[in-house]
Amino acid sequence: MAWTHYQCILAVLMVVTGSFNTLSVKYADKQVVPGQDGVPRHFNHPFMQSLFMFLGEMLCFLIFKIAYCYYSRKDDGSVDNNTLTKGSRNFNPFILFIPAMCDMLATSIMYVGLNMTYASSFQMLRGAVIVFTGILSMGFLNRNLGGREWIGIVCVLIGLALVGISDIMVIKDEDVSLNSVLTGDLLIICAQVITAVQMVIEEKFVAGQDIPALQAVGWEGIFGFIGICLVMIPLNFIYASPPFADNSRGTLEATADALVQIGNSGRLLMAIVGIAFSIAFFNFAGISVTKEISATTRMILDSIRTIVIWAFSLQFKWQDFHYLQVIGFAILLIGMFCYNNVLIPQLVQKCQCHLIRKRRANDEERIVNIAADDVQESI
């Protein structure tokens, strides 16, 4: 069935804003700006970046309220039919609290990892969520994985290994150490365990609620913003060594130092604003794609986002090209498609059907030839 114009807009919006979000975070990491002590440093504030991300998600709640008030005042039933407001608006928002906390922890850890590794690897390694989601779904959702899912998981593991090896092979920059890149990759993979927990919880308790996309993203933003604000209080007093704490105070997070750096650089401010707005539109588009089309379509679009980020990183020399990353991403993509029953299983079934039909045709031809030979001999 052909997509509607609204669905096409959602798909494009998801790819563009998702790519822009990851690139904005990495662009902010690369900015060298003086902090509180006047010493130029990279913007190493992953928890502040998470805070601005949740601030962007909170904007979705504001937009939802504005849209709801507008269509309610029209009093023509459009509030129940408009794509921004339709759905079950009366629900207990605390069902989104645990997923929001999982999102907060996973995003913060991933941003720490992104600061140490490459943007394309960050996006590819997020595919590890399939492995952990599959394992957790067996334990908590009583789901039995079939052969297709296990093949997908194995392919994803092979792809992840090749991506990790390619990261080691492309390290040439003196400012980038092997330990830093490997630590960043491992942190991103570990964060996928928390993301998998989030997905399992959402499937068990949130799925089927038909919550308006803007409202759901907004509530998660509110919970996440409050949570990260509370978490950053002790982080401002926990000392650590680089690359985990590369700021004027030498702590895991230095809120005042981050704000000073943002105030000292227009480019950094632009990147932060980009993080906030792009994540708001990306999450809205992602949830809407799942509701309007399917979760598998969202997965495919997320893969396209990986290609965009990778191409951008190569074009602007954020990383060097290595053929292993191409192979790893291809195998990773095959695994994701197999696990989600997209394209690859259908192609395999078509090939099997073609072989069966060809075998039957050969058998029929052989039977006809044998019969013809018998008739010839009898004559």
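Under an unreviewed UniProt entry, the name given to the protein chain is Solute carrier family 35 member F6, and the source organism is Vespula maculifrons. As its UniProt record puts it under Sequence similarities (unreviewed entry), the protein chain is described as follows: "Belongs to the nucleotide-sugar transporter family. SLC35A subfamily." For the record of the protein chain, the UniProt heading Subcellular location (unreviewed entry) holds the text "Membrane".

Engineer: Mind showing me how you'd approach the packing of helix α2 (residues 46-74) against helix α3 (residues 97-114) here?
Structural biologist: In a packed pair of helices, the relevant descriptors are the angle between the two axes and the axis-to-axis distance. Interhelical geometry of α2 versus α3 gives an angle of 135 degrees and a closest axis separation of 8 Å. With respect to α3, the axis of α2 lies oblique. Of the two elements, α2 crosses α3, and the hand of that crossing is right-handed. Taking contact as the criterion, the partners of Pro-46, Phe-47, Gln-49, Ser-50, Met-53, Phe-54 and Glu-57 in α2 are, on α3, Ala-100, Asp-103, Met-104, Thr-107, Ser-108, Tyr-111 and Val-112. Taken together, the residues that form the contact of α2 with α3 break down as eight nonpolar, four polar and two charged.

Engineer: Any chance you could explain unusual backbone geometry here in plain terms?
Structural biologist: If a residue is not glycine, its phi is most likely negative; likewise, a peptide bond is most likely trans. The residue Lys-317 is not glycine, and still its phi comes out positive at about 60 degrees. Mapping Lys-317 onto the fold places it in the loop between α11 (295-315) and α12 (323-339). Overall, Lys-317 belongs to the exposed group, its relative accessible area being 70%.

Engineer: Got a minute to help me understand the nonpolar core in this structure?
Structural biologist: Across soluble globular proteins, nonpolar side chains show a tendency to be buried alongside one another. Grouped together as the largest cluster of nonpolar side chains are 79 residues, with contacts concentrated most on Phe-43, Val-156, Leu-268 and Ile-272. Top contributing element to this core by residue count: helix α10 (residues 266-292), with 10 residues. Every residue in contact with Phe-43, bar those within four places of it in the chain, is listed here: Ala-28, Asp-29, Gln-31, Gln-49, Asn-115, Ala-258, Gln-261, Ile-262, Leu-268 and Ile-272.

Engineer: Please explain α12 as it appears in this structure.
Structural biologist: Spacing of three or four residues puts side chains on the same side of an α-helix, whose turn is 3.6 residues. Taking 1.5 Å of rise per residue, the 17 residues of α12 would be expected to cover 24 Å, and the 25 Å separating its terminal C-alpha atoms lies within 8% of that figure. Restricting attention to buried positions, one finds in α12 the residues Leu-324, Gln-325, Gly-328, Phe-329, Leu-332, Leu-333, Gly-335, Met-336, Phe-337, Cys-338 and Tyr-339. At the exit of α12 stands Asn-341, carrying a positive phi of roughly 55 degrees.

Engineer: Explanation requested: the environment of Met-116 in the structure shown.
Structural biologist: For Met-116, the location among the structural elements is in the loop between α3 and α4 (119-125). For Met-116, a relative accessible area of 5% puts it in the buried group. For the pair formed by Met-116 and Lys-26, sequence separation is 90 residues and the distance between their alpha carbons is 9.8 Å. Residues in contact with Met-116, not counting those within four places in the same chain, are Ser-180, Val-181, Thr-183, Gly-184, Leu-187, Pro-243 and Phe-244.

Engineer: Before we go on, may I ask you to explain α10 in this structure?
Structural biologist: With 27 residues, α10 ought to run about 39 Å at 1.5 Å a step, and its terminal C-alpha atoms sit 38 Å apart, in line with that. The distance from a side-chain oxygen at the start of α10 to the backbone nitrogen of Arg-267 is 3.5 Å, and the residue carrying that oxygen is Ser-265.

Engineer: Just to check I follow, could you spell out the UniProt feature "transmembrane region" (unreviewed entry) in the protein chain for this structure?
Structural biologist: UniProt feature "transmembrane region" (unreviewed entry): in the numbering of this structure it lies at residues 48-71, 91-112, 124-141, 150-171, 222-240, 268-287 and 322-342. From the first C-alpha to the last, residues 91-112 spans 34 Å; its make-up is 73% helix and 0% strand. Taken as a whole, residues 268-287 contains 100% helix and 0% strand, while its terminal C-alpha atoms sit 29 Å from one another.

Engineer: I keep staring at the packing of aromatic side chains and nothing clicks. Help me out?
Structural biologist: The description of an aromatic ring pair uses the distance of the two centres, along with the angle that the planes make with each other. Counting across every chain of the model gives nine aromatic pairs. Plain terms: the ring middles of Phe-312 and Trp-318 are 5.6 Å apart, the flat faces sit at 75 degrees to each other, and that makes the pair edge-to-face. Exposure remark for Phe-312: the relative accessible area of 29% places this residue in the partly exposed category. Three or more aromatic residues joined by ring pairs form one cluster here, namely Phe-61, Phe-94, Phe-97, Trp-219 and Phe-223. The positively charged end of Arg-249 is found above the aromatic ring belonging to Phe-237, 5.5 Å away from the centroid.

Conventions used here
Residues numbered from 1 in each chain as written. Predicted model: local features only at pLDDT ≥ 70, side-chain atom pairs only at ≥ 80, totals over all residues. Heavy atoms only, no water. UniProt positions renumbered as here; feature names shortened; annotations may be inferred. Axes fitted to C-alpha atoms, helices over the stretch in contact; angles between N-to-C directions. Helix = DSSP H or I, 4+ residues; strand = E, 2+ residues; numbered from the N terminus. Parallel < 35°, antiparallel > 145°, perpendicular 65-115°, else oblique. Left-handed = near helix turned anticlockwise from the far one by under 90°. Contact = heavy atoms within 4.5 Å. Nonpolar A, V, L, I, M, F, W, Y, C, P; charged D, E, K, R; others polar. Buried < 20%, exposed > 50% of the residue type's maximum accessible area, 1.4 Å probe, protein only. Core = buried A, V, L, I, M, F, W, Y, C linked by side-chain atoms within 4.5 Å. Expected span 1.5 Å × (residues − 1). Polar contact = N/O pair within 3.5 Å; in protein donor to acceptor, adjacent residues only side chain to side chain. Phe/Tyr/Trp six-rings, centres within 6.5 Å; stacked < 30°, edge-to-face > 60°. Lys NZ or Arg CZ within 6 Å of the ring centre and 35° of its normal.

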